[in-house]
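# Secondary and tertiary structure notes
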Amino acid sequence: MDDIFVARLMTPDPTTVAPDTLVEEAAGIMLDAGIGSVVAVDDDNHLEGILTTTDFVRIVAERKPKDQTAVSTYMTTDVVTADAQDSIRDVADEMMEQGFHHMPVVDDDEGVIGIVTTTDLAAYLSHVQTPSPS
């Protein structure tokens, strides 16, 4: 896996929202698309934060009203990111060490260009690994 790069496995063009999008709207977007995160970007597509299903657990646990609450209130802003040319092993190691399931892929010029998820990693491994005999 050392010679496999993020660009090969990432999901391009991840679903994005503005930081001022209401969490209720973000939740609807995630449910409709069947995804576990939305990436918050500014008008130039630069990363501002990420909102995941884990954040929604916190929202419910804290019993905060979801109406009229912006994504920026709950999104993670100190986001660990990857570059398209990073080794997928390094990215997988970082995701395991940090305990998260989504890593945005950013480009200095284009901003957010993709996202790597644990689902992407599992899909890749299921295609390249041959099951061992019983």
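Reading the values: the criteria
Residues numbered from 1 in each chain as written. Predicted model: local features only at pLDDT ≥ 70, side-chain atom pairs only at ≥ 80, totals over all residues. Heavy atoms only, no water. Core = buried A, V, L, I, M, F, W, Y, C linked by side-chain atoms within 4.5 Å. Buried < 20%, exposed > 50% of the residue type's maximum accessible area, 1.4 Å probe, protein only. Helix = DSSP H or I, 4+ residues; strand = E, 2+ residues; numbered from the N terminus. Pairing = 2+ DSSP bridges.

## Observations concerning the nonpolar core
- Grouped together as the largest cluster of nonpolar side chains are 16 residues, with contacts concentrated most on Val6, Ile88, Val91, Val105, Val116 and Leu121.
- If you list the elements that add at least two residues to this core, you get α1 (6–9), α4 (88–98), β5 (102–107), β6 (111–117) and α5 (118–128).
- Broken down by element, this core gets its largest block of residues, four residues, from α4.
- Core analysis: the second largest hydrophobic core is formed by twelve residues, Val23, Ala26, Phe56 and Tyr74 among them.

## Here we look at the sheet that holds strand β3 (residues 37–41)
- Spatially, β2-β3-β4 is the arrangement adopted by the three strands of the open sheet, whose pairing is mixed. Each edge of the open sheet is held by one strand with a lone partner, namely β2 (16–17) and β4 (47–52).
- Across two bridges, the pairing between β2 and β3 is parallel. Each bridged residue has a counterpart across the sheet, and for Thr16 the counterpart in β3 is Val39.

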